[in-house]
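Structural overview
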Amino acid sequence: TSAETAVRDLVRGLGMRFTTHDRSLPGTPDLVFAARRKVIFVHGCFWHGHSCRRGKSPSSNLAFWAEKLARNKRRDRAAKSALTRRGIRYLVVWECELKFKAKLETKLRRFLAESTQ
């Protein structure tokens, strides 16, 4: 997605190397830093139920969308839990955070610089 591409560009700008979409990891993280035991998920606000303006539920077909978005949230929680049990740290970057590039870059820099222990 364009959000993923923007985050990848920011991370590359920090001089970091990564792989993408490692299916062997729970949740198939968008960016994987294997040596650091860290991953980044880039979530669309609507699809993952973020509490921002973009994460607002549709006004039609309510039952379908409520179940669909709840299922996505359950899947996200399960993936994060499984990663934590494996000793892998994760960061979620929301689509709406891309509006504030400097702030997001600081967030990424801090996450990637943190010690894994």
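**So, the packing of aromatic side chains**
Across all of its chains, the model carries five aromatic pairs by this definition. Considering the side-chain rings of phenylalanine 46 and tryptophan 47, the 4.8 Å spacing of their centres and the 80° angle between planes classify their relative orientation as edge-to-face. Under the relative-accessibility criterion, tryptophan 47 is labelled partly exposed at 44%. Over the face of the ring belonging to phenylalanine 111 we find lysine 38, whose NZ or CZ atom lies 4.9 Å from the ring centre.

**Some remarks on the pattern of salt bridges**
Tallied over the full model, the rule gives eight salt bridges. Among the salt bridges present, the one from arginine 54 reaches glutamate 95, with a minimum N-O distance of 3.3 Å. With arginine 54 in the loop between β3 (38-43) and α2 (62-85) and glutamate 95 in the loop between β4 (89-94) and α3 (101-113), this residue pair connects regions lying 41 residues apart in the sequence. The class for glutamate 95 is partly exposed, based on a relative accessible area of 27%. Across the pair arginine 74 and glutamate 67 runs a salt bridge, and its minimum N-O distance is 3.1 Å. Owing to a relative accessible area of 40%, arginine 74 belongs among the partly exposed residues under this scheme. According to the relative accessible area criterion, glutamate 67 is partly exposed, its value standing at 37%. What you see here is one network of salt bridges that share partners, running through Glu67, Arg71 and Arg74.

Rules used in this analysis
Per chain, the residues get numbers from 1 upward, laid out in the order the sequence is written. It should be noted that, the model being predicted, local features are given only for residues of pLDDT at least 70 and side-chain atom pairs only at 80 or more, the latter also being counted only at that level, while totals for whole chains, interfaces and linings use all residues. To get the side-chain values, all heavy atoms of the structure are used, and hydrogens and water are removed first. Aromatic rings from Phe, Tyr and Trp, with only the six-membered ring used for Trp, were paired whenever their centres fell within 6.5 Å, and each pair was classed as stacked if the ring planes differed by under 30 degrees, edge-to-face if by over 60, and tilted otherwise. For the exposure calls, accessible area comes from a 1.4 Å probe over protein chains only, and a residue counts as buried if that area is under 20% of its type's maximum, exposed if over 50%, partly exposed in between. We call a charge positioned over a ring when the NZ of a Lys or the CZ of an Arg lies within 6 Å of the ring centre and within 35 degrees of the ring normal. In what follows, salt bridge is the name for a side-chain nitrogen of Lys or Arg lying within 4 Å of a carboxyl oxygen of Asp or Glu. Elements are defined by DSSP. Helices are runs of H or I of four residues or more, strands are runs of E of two residues or more, and each kind is numbered from the N terminus.

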